[in-house]
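# Examining the three-dimensional arrangement
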Amino acid sequence: MSEPVSQKLAQVGPTFAVDPQMLASIGSAAKPRRVYQTTVTPPRSMPGEIGSLAAIKAMHGTWFEGIAYDERMRARYGEVYRSMYLAQPIIVVNDPDEIHKILRNEQQAWSCATAWDYLFFDGLNREGGNPGSLLTLDFDAHRGLRKLMQPAFSSSAIAGYIGTVQPLFEAEIARWIAVGEVAVKPALEARFPFISNHLLTGIDNPALLARFDRALRAISFGGQAVVPERYRFLSPVFIQARRAYGFLTDFFVPLASQRRAQPGVDLFSQVSQTAGRDSELSDHAAVRSFITMMLGAHDSTALGLINATYLLAKHPEWQARLREEALAVSRLDWAGLQKLEQLDWVWKESLRLIPVTPYVPRRALRDVEILGHQVKAGSLVAPMAGVAGRDPRWWTQPLRFDPERFSPERAEHKRHPAIFSPFGGGAHVCIGMQLATLEAKVFFHYLLTHCRFELTREYPVKHGWRPLGRVSGKVSVRFTALR
């Protein structure tokens, strides 16, 4: 006779529990001290495919078909199925109710930390163990750090960032208008990291900003290298990523004390002030969280701007509506940005229709059930926020560009709490989502009030995950200055 569940599970709180073997491996559910390396195979009762051939097919499909591939897999296998992420078996979840349950995590059955540690951060931190960022902590440890970091993303702090980012966007867009025709995707992919890194760090040295960009790209590629764990230190890509992570750590840790003495309006100054106010948050821990924020902002906002520019170039009627709204806002301060309501609809619609983030990974802390399937502790899951955002059961004509679906009168995104979550959900919802929205509004306010723009040629656009979502092609746009 088997032991009662209460004896099999090690308690991690007054009510909830974690599998004892998993707890012995990671040391703590809130702040894992070691990466959980055990590969857990999804249950055979689930449809789908796993293995080397399935991994190749999944990589090809997501790379070249993006969200269309995910929707095709859902049509084939249903609301939950087995698949592969690089070399790792993973459980794909499409059902909004189940996605909501996983992201809310009210039963504390799911770990964000062990998923991200395993899939991305493992080995990058040369000090060893958990890097201690918002993505690699859970429960009380995550809540404590998030509370400490929140002032850096308050309305007053974000309002201060406007003065930094506004002239940078204005100069770039003015150059586009002067040139007349620009390939927006390569232009923004090349320029935005400088703008973003300047905004985040307060540093305006072009050579240093370029080095930050190279380091962040090295970490992004290395963290997703298809290398077995025991061979990763033989991988040139992983070695480069580890060195890049070390470079950023070595650069920003001593800078933190300087920014406490002479703070700027940049995000790093805010984070440094936070570390100074809390004796339990070391400069090393604050910097590791800051590096994670840099990684999160590095490509995601730029891709959102590219995707939205493509959509507005295709829909001049929405350009006209937004231009009228933007021209009525003469002062681009915090209050002025809040008046750009229709621009907010368009930004959200672009994130829904051309999603940037495919899913946010989680790992089961104990045996759980997903839609009738028994899932073992340690299983990796992928709640598919992108697919839920195009589900015809919840969205009217979901493949149509229709920003009014986000208007107060229609509010389609409120039909279910898990059908629109471009910045994640639950306790781990992206802390920088307001900052990304601010950047988008500043960018499009200047663009719309200074020019009209259209695609230089129509083409059948495709979506791809590489690894974030983007439209295909160069998005070549013709800009005409307003008279």
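Just so you know, these numbers come straight off a predicted model, no measurement behind them.

Reading guide: rules and limits
Residues numbered from 1 in each chain as written. Predicted model: local features only at pLDDT ≥ 70, side-chain atom pairs only at ≥ 80, totals over all residues. Heavy atoms only, no water. 1 Å grid on protein atoms, 1.4 Å probe; cavity = no way out; pocket = protein on both sides within 12 Å on 5 of 7 lines; lining within 4 Å. Points joined across faces, edges and corners; volume = space filled by probe spheres on them. Nonpolar A, V, L, I, M, F, W, Y, C, P; charged D, E, K, R; others polar. Helix = DSSP H or I, 4+ residues; strand = E, 2+ residues; numbered from the N terminus. Contact = heavy atoms within 4.5 Å. Polar contact = N/O pair within 3.5 Å; in protein donor to acceptor, adjacent residues only side chain to side chain. pLDDT = per-residue confidence, 0-100. Disulfide = S-S within 2.5 Å. Buried < 20%, exposed > 50% of the residue type's maximum accessible area, 1.4 Å probe, protein only. Pairing = 2+ DSSP bridges. Axes fitted to C-alpha atoms, helices over the stretch in contact; angles between N-to-C directions. Left-handed = near helix turned anticlockwise from the far one by under 90°. Salt bridge = Lys/Arg side-chain N within 4 Å of Asp/Glu carboxyl O. Phe/Tyr/Trp six-rings, centres within 6.5 Å; stacked < 30°, edge-to-face > 60°.

## Things to note about empty space enclosed by the protein
Following the criterion strictly, the structure yields three cavities of 30 Å³ or more and no others. In this model, the largest cavity occupies a volume close to 90 Å³. If you go around the largest cavity, the residues you meet are Leu351, Arg352, Pro355, Val356, Thr357, Ala385, Gly386, Gly389, Ile419, Phe420, Ser421 and Pro422. Of the residues contributing to the lining of the largest cavity, the split by class is seven nonpolar, four polar and one charged. Taken together, Thr38, Thr39, Val40, Gln88, Pro89, Tyr118, Arg363, Gly378 and Leu380 make up the lining of the second largest cavity. When grouped by side-chain class, the residues that make up the lining of the second largest cavity number four nonpolar, four polar and one charged.

## Let's talk about the environment of glutamate 325
Following the sequence through the fold, glutamate 325 ends up in helix 14 (residues 316-327). Counting along the chain gives 123 residues from glutamate 325 to leucine 448, while the straight-line C-alpha distance between them is 9.5 Å. If near-sequence neighbours (up to four positions away) are discounted, glutamate 325 is found in contact with Lys339, Leu340, Glu341, Gln342 and Leu343. At a separation of 2.8 Å, a polar atom in the side chain of glutamate 325 contacts the main-chain amide nitrogen of glutamine 342.

## Here's the deal with the confidence of the model for the chain
Per-residue confidence for the chain averages 90 on the pLDDT scale, and 94% of its residues sit at or above 70. The weakest mean pLDDT in the chain belongs to helix 1 (residues 5-8) at 35; the strongest belongs to helix 16 (residues 341-353) at 98. In the model, residues 1-9 has pLDDT below 50 throughout and makes eight contacts with residues more than four positions away in sequence or in other chains.

## Details of the state of the cysteines
The full count for this structure, using the stated rule, is zero disulfides. Cysteine cysteine 112 remains unbridged, with the sulfur of cysteine 430 as its closest cysteine sulfur at 11 Å.

## Let's talk about the pairing of strand 10 (residues 380-383)
Burial along strand 10 is two-sided: Leu380 and Ala382 and Val381 and Pro383, pointing in opposite directions, are all buried. Examined bridge by bridge, strand 4 (residues 88-93) and strand 10 share three bridges and lie parallel to one another. Opposite valine 92, over in strand 10, you have alanine 382 as the bridge partner. As defined by bridge partners, strand 7 (residues 362-364) adjoins strand 10 across two bridges and the pair is classed as antiparallel. The partner of arginine 362 across the bridge, within strand 10, is valine 381.

## A closer look at the pairing of strand 14 (residues 476-481)
Every other side chain in a regular strand lies on the same face of the sheet, so the side chains alternate between the two faces. Taken together, the three bridges between strand 6 (residues 181-183) and strand 14 define a ladder with antiparallel strand orientation. Within strand 14, the residue paired with alanine 183 across the bridge is serine 476. By the bridge criterion, five bridges tie strand 11 (residues 451-455) to strand 14 in an arrangement that is antiparallel. Bridge assignment links leucine 455 to a residue of strand 14, and that residue is valine 477.

## Considering the sheet that holds strand 11
Pairing is antiparallel in the open sheet, where three strands are placed in the order 6-14-11. Looking at which strands have only one partner, the edges of the open sheet turn out to be strand 6 and strand 11. Each neighbouring strand pair of the sheet contributes to a mean axis angle of 30°, computed without reference to strand direction. Running over the sheet, helix 18 (residues 433-450) touches strand 11 and strand 14 and is turned about 95° from strand 11.

## Digging into the packing of helix 16 against helix 18
In contact at an axis separation of 10 Å, helix 16 and helix 18 are set at 115° when each is read in the N-to-C sense. Seen along the crossing, helix 16 lies across helix 18 with a hand that is right-handed. Side by side, helix 16 and helix 18 meet where Leu343, Asp344 and Trp347 of the first sit next to Ala436, Thr437, Ala440, Lys441, Phe444 and His445 of the second. For the contact of helix 16 with helix 18, the class distribution of residues is five nonpolar, two polar and two charged.

## Notes on unusual backbone geometry
Omega for the bond connecting arginine 466 with proline 467 falls within 30 degrees of zero, at -10°, which places this linkage in the cis form. Despite not being glycine, glutamine 108 shows a phi value in the positive range, around 50°. You can see glutamine 108 is positioned in the loop between helix 5 (96-104) and strand 5 (110-111). By relative accessible area, glutamine 108 is classed as buried at 19%. Its identity is not glycine, yet leucine 371 carries a phi of approximately 50°, on the positive side. With respect to the helices and strands, the residue leucine 371 is situated in the loop between strand 8 (368-370) and strand 9 (373-375).

## Re the pattern of salt bridges
Following the criterion strictly, the structure yields 30 salt bridges and no others. Here arginine 175 ties to glutamate 172 by a salt bridge, and the two come within 3.0 Å at their closest N and O atoms. Linking arginine 175 with glutamate 172, this pair stays in helix 8 (residues 155-179), spanning three residues, or about one helical turn. Classification of arginine 175 as partly exposed rests on a relative accessible area of 42%. Glutamate 172 gets classed as buried once you look at its relative accessible area, which sits at 8%. Here arginine 470 makes a salt bridge to glutamate 189, at a shortest N to O gap of 3.3 Å.

## With respect to the packing of aromatic side chains
The tally for this structure, following the rule as stated, stands at 22 aromatic pairs. On the numbers, 6.3 Å between centres and 45° between planes, the contact of phenylalanine 247 with phenylalanine 251 is tilted. Residue phenylalanine 247 and its partner phenylalanine 251 are both found in helix 11 (residues 236-261); the two are separated by four residues, about one turn of the helix. We classify phenylalanine 247 as buried; its relative accessible area is 16%. We classify phenylalanine 251 as partly exposed; its relative accessible area is 25%. Here phenylalanine 453 and phenylalanine 479 contribute two aromatic rings whose centre-to-centre distance is 6.1 Å and whose plane-to-plane angle is 35°, an arrangement assigned as tilted. One end of the pair, phenylalanine 453, is in strand 11; the other, phenylalanine 479, is in strand 14, and 26 residues separate them in sequence. Assessed through its relative accessible area of 4%, phenylalanine 453 is described here as buried. Taken together, the aromatic side chains of Phe169, Trp176, Phe192, Phe443, Phe444, Phe453 and Phe479 make up a single cluster linked through ring pairs.

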